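Understanding the architecture of this molecule
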Amino acid sequence: MYQYSAGGLVVDPGGQVLLIRARDLRNRPVWALPKGALAPGETSEAAAVREVREETGYKCEPVRELEVVTYWFQHEGQRIRKTVRWFLMRPVEKVGEHDHEVDEVRWARPDEASGMLRYDSDRRLLTLVS
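Residues numbered from 1 in each chain as written. Predicted model: local features only at pLDDT ≥ 70, side-chain atom pairs only at ≥ 80, totals over all residues. Heavy atoms only, no water.

1. A few points about the pairing of strand β3 (residues 29-32)
In this structure, strand β2 (residues 17-23) lies alongside β3, joined through 4 bridges in antiparallel fashion. If you follow Ile20 over to β3, its bridge partner there is Ala32. Counting the residues between successive antiparallel strands, the hairpin from β2 to β3 contains 5 residues, one of them, Asn27, with a positive phi of roughly 65°. (Pairing = 2+ DSSP bridges. Helix = DSSP H or I, 4+ residues; strand = E, 2+ residues; numbered from the N terminus.)

Right, here's the structure in full:
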């Protein structure tokens, strides 16, 4: 099975990174970068902008595309190959609150964020901007 997602590495003018605390498939809290699945007919860039807005409450503007990350994971006994297209973004304005999928949103310095992020692929993306 294949899944396609898009997400944003949001960096403010002071160099801080926007993080979300959500739950993994085992319901454990994890710090991560905002991302989510593409809606039918949606471009990766549009999905990344939408997902960042839904998960953080920030309207953001894409600056450039970053690397594509692909990994495998298991869910309900099924092996899934996930491909995520990432975009460097800058915050435009705070337009609301995070959605129900997210427990907390916060800004962190890249070195602090690197120590908080659960996934190696998220930490690798940080090195592209710090």
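2. Side note on the sheet that holds strand β1 (residues 2-10)
If you walk across this open sheet you meet the 4 strands as β4-β1-β6-β5, and the pairing is mixed. The open sheet has two edge strands, β4 (35-37) and β5 (58-75), and neither has a second partner. Strand-to-strand twist in this sheet, taken as the mean axis angle between neighbours without regard to direction, amounts to 25°. One ladder, built from 9 bridges, connects β1 with strand β6 (residues 78-94); its direction is parallel. Opposite Tyr2, over in β6, you have Arg81 as the bridge partner. (Axes fitted to C-alpha atoms, helices over the stretch in contact; angles between N-to-C directions.)

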